[in-house]
Amino acid sequence: IHNKYKLQGLNIASISIDDTKSNWEKALGQEKMIWPQFLVDKDKIDEVKQQYNFSSIPLVEFTDKLGNEIARFIGYYEENKVKYETTILKFIK
């Protein structure tokens, strides 16, 4: 999805709540995600969960150019890829 839509303005950032940096770094090496990656400080994880109102991962949130949420998906389901693209196509110009 990133490669398909990045030239049309899609930006992706991954924010991890792994509680150990080494696990996060290992996942980065395995997943090879080429967009920006961030790790929440261990002592801020509960605050981030509360701020973004989620209890499961992954949380995929789509926002407009102003940062307003337009769609969110919690958990991983293969069929969500179609839903992601449907959401993207509504907003990409």
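Residues numbered from 1 in each chain as written. Predicted model: local features only at pLDDT ≥ 70, side-chain atom pairs only at ≥ 80, totals over all residues. Heavy atoms only, no water.

Chemist: I'm lost on the overall build of the protein chain in this one. Help?
Modeler: Within the protein chain, the regular secondary structure consists of four helices and four strands. Going from N to C terminus, the protein chain has its helices and strands arranged as α-β-α-β-α-β-β-α. Sorting the 93 residues of the protein chain into buried and exposed places 22% on the buried side. In the protein chain, once contacts between residues fewer than 6 apart in sequence are set aside, the share between residues at least 24 apart is 33%. When the accessible surface of the protein chain is summed, it comes to about 7300 Å², and 52% of that surface belongs to carbon and sulfur atoms. Within the protein chain, one finds 14 positive and 14 negative side-chain charges whose respective centroids are separated by 6 Å. (Helix = DSSP H or I, 4+ residues; strand = E, 2+ residues; numbered from the N terminus. Buried < 20%, exposed > 50% of the residue type's maximum accessible area, 1.4 Å probe, protein only. Contact = heavy atoms within 4.5 Å. Areas by Shrake-Rupley, 256 points an atom, 1.4 Å probe, with all protein chains shown as cover. Lys, Arg positive; Asp, Glu negative; His and termini not counted. Charge placed at Lys NZ, Arg CZ, Asp CG, Glu CD.)

Chemist: What is the right way to read the packing of aromatic side chains from this model?
Modeler: Note on aromatic pairs: each is described by the distance of the centres and the angle between the planes. Scanning all chains against the criterion turns up three aromatic pairs. Ring plane angle 90° and centroid distance 6.1 Å describe the contact between Phe62 and Phe73, whose orientation is recorded as edge-to-face. Of this pair, Phe62 sits in strand 3 (residues 59-63) while Phe73 sits in strand 4 (residues 69-74), and the two are 11 residues apart along the sequence. Pair check on accessibility: Phe62 and Phe73 agree, each one buried. Relative to Tyr84, the ring of Phe62 has its centre 5.9 Å away and its plane inclined at 55°; by these criteria the two rings are tilted. With Phe62 in strand 3 and Tyr84 in helix 4 (residues 80-91), the pair connects residues that are 22 residues apart, well separated along the chain. (Phe/Tyr/Trp six-rings, centres within 6.5 Å; stacked < 30°, edge-to-face > 60°.)

Chemist: Looking at this model, I keep getting lost on the layout of surface pockets. Mind explaining?
Modeler: Any empty space left between atoms is shown by rolling a water-sized probe over those atoms. Approximately 2000 Å³ is the volume found for the largest pocket. Lining the largest pocket are 45 residues, with Ile12, Ala13, Ser14, Val60 and Glu61 sitting closest to its centre. Of all the secondary-structure elements, those providing two or more residues to the lining of the largest pocket are helix 1 (2-5), strand 1 (14-16), helix 2 (21-31), strand 2 (37-39), helix 3 (45-52), strand 3 and helix 4. Class assignment for the residues of the lining of the largest pocket results in 27 nonpolar, 11 polar and seven charged. (1 Å grid on protein atoms, 1.4 Å probe; cavity = no way out; pocket = protein on both sides within 12 Å on 5 of 7 lines; lining within 4 Å. Points joined across faces, edges and corners; volume = space filled by probe spheres on them. Nonpolar A, V, L, I, M, F, W, Y, C, P; charged D, E, K, R; others polar.)

Chemist: Explanation requested: the nonpolar core in the structure shown.
Modeler: Proteins that are soluble and globular tend to have nonpolar side chains buried together. Of all hydrophobic cores here, the largest spans seven residues; its members are Tyr5, Leu10, Phe62, Ala71, Phe73, Tyr84 and Ile88. Among the secondary structure elements, those contributing two or more residues to this core are strand 4 and helix 4. Every residue in contact with Leu10, bar those within four places of it in the chain, is listed here: Ile1, His2, Tyr5, Ile88 and Ile92. (Core = buried A, V, L, I, M, F, W, Y, C linked by side-chain atoms within 4.5 Å.)

Chemist: Help me out: how do you make sense of the pattern of salt bridges in this one?
Modeler: Once the charged atoms of two side chains with opposite charge are near each other, the side chains can pair. For the structure on display, the rule yields five salt bridges. A salt bridge links Arg72 to Glu61; its shortest N-O distance comes to 3.1 Å. Of this pair, Arg72 sits in strand 4 while Glu61 sits in strand 3; the two residues are 11 residues apart in sequence, bridging distant segments of the chain. On the basis of relative accessibility, which here comes to 26%, the residue Arg72 falls in the partly exposed class. Because the salt bridges share partners, they merge into one network encompassing Glu61, Glu69 and Arg72. (Salt bridge = Lys/Arg side-chain N within 4 Å of Asp/Glu carboxyl O.)

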